[in-house]
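Here are the chains, one letter per residue:
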Amino acid sequence: MTYDKDNIFAKILRGEMPAVKVYEDDQTLAFMDVMPQSPGHVLVIPKTEAEDLFDLELKAGTAVLRTSQRVAQVVQEVFQADGIMINQFNGPAAGQTVFHYHVHIVPRYEDVPLRRHSGDMEDIAVLEEQAAKIRQALGES
Ligand code: 5GP
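What counts and how
- Residues numbered from 1 in each chain as written.
- Predicted model: local features only at pLDDT ≥ 70, side-chain atom pairs only at ≥ 80, totals over all residues.
- Heavy atoms only, no water.
- Axes fitted to C-alpha atoms, helices over the stretch in contact; angles between N-to-C directions.
- Helix = DSSP H or I, 4+ residues; strand = E, 2+ residues; numbered from the N terminus.
- Left-handed = near helix turned anticlockwise from the far one by under 90°.
- Contact = heavy atoms within 4.5 Å.
- Nonpolar A, V, L, I, M, F, W, Y, C, P; charged D, E, K, R; others polar.
- Salt bridge = Lys/Arg side-chain N within 4 Å of Asp/Glu carboxyl O.
- Buried < 20%, exposed > 50% of the residue type's maximum accessible area, 1.4 Å probe, protein only.

Caption draft 1: Region of interest: the packing of helix α2 (residues 58-78) against helix α3 (residues 124-138). Remark: α2 packs on α3, axes separated minimally by 9 Å, with the N-to-C direction vectors making an angle of 115°. As α2 packs across α3, the resulting crossing turns out to be right-handed. The residues of α3 that touch α2, namely those facing R70, V71, V74, V75 and V78, are K133, I134, A137 and L138. Broken down by class, the residue content of the contact of α2 with α3 amounts to seven nonpolar, no polar and two charged.

Encoded structure:
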């Protein structure tokens, strides 16, 4: 499959679609998942075009890992999570629905089941409030 420049995350990167951002640098962007599996569910993407893991340059992958580590640390603190799940799907059979490489950062709690993947839309005001807390803890606001 060739990279589709009109996928939703490519549009977010070009500013053609809105996103509730928590962190950005020259190589990566982190923003709230609109259908969170748990409060504080954040996505981290590279700014380079890559459909999945197999398509990702190591330099971009390293940048995504660096951002993911930093954001996950803060998400764990802000949402007082018992643990943080990092997910990354490659191909429809594995559950990938957006074909721009991305890492999921999902807070987890003992005995609390996850909400459905790509399930219910969260209220944007709720996402904005959560993102503000993450940005503040990151020192980005
Ligand atoms: P995948 O299934 O490809 O691993 O994950 C795609 C994720 O993107 C899902 O968790 C879904 O909720 C999220 N998502 C889909 N469309 C949008 C969107 O327009 N904005 C944001 N912020 N997240 C989206």
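Having put the structure on the table, let's press on.
Caption draft 2: Quick peek at the pattern of salt bridges. All told, the structure shown has eight salt bridges when counted by the stated rule. As a salt-bridge pair, E24 and K21 come within 3.9 Å of each other at their nearest N and O atoms. Look at E24 and you get partly exposed, because its relative accessible area is 39%. Across the salt bridge formed by E122 and R115, the nearest N and O atoms sit 3.9 Å from each other.

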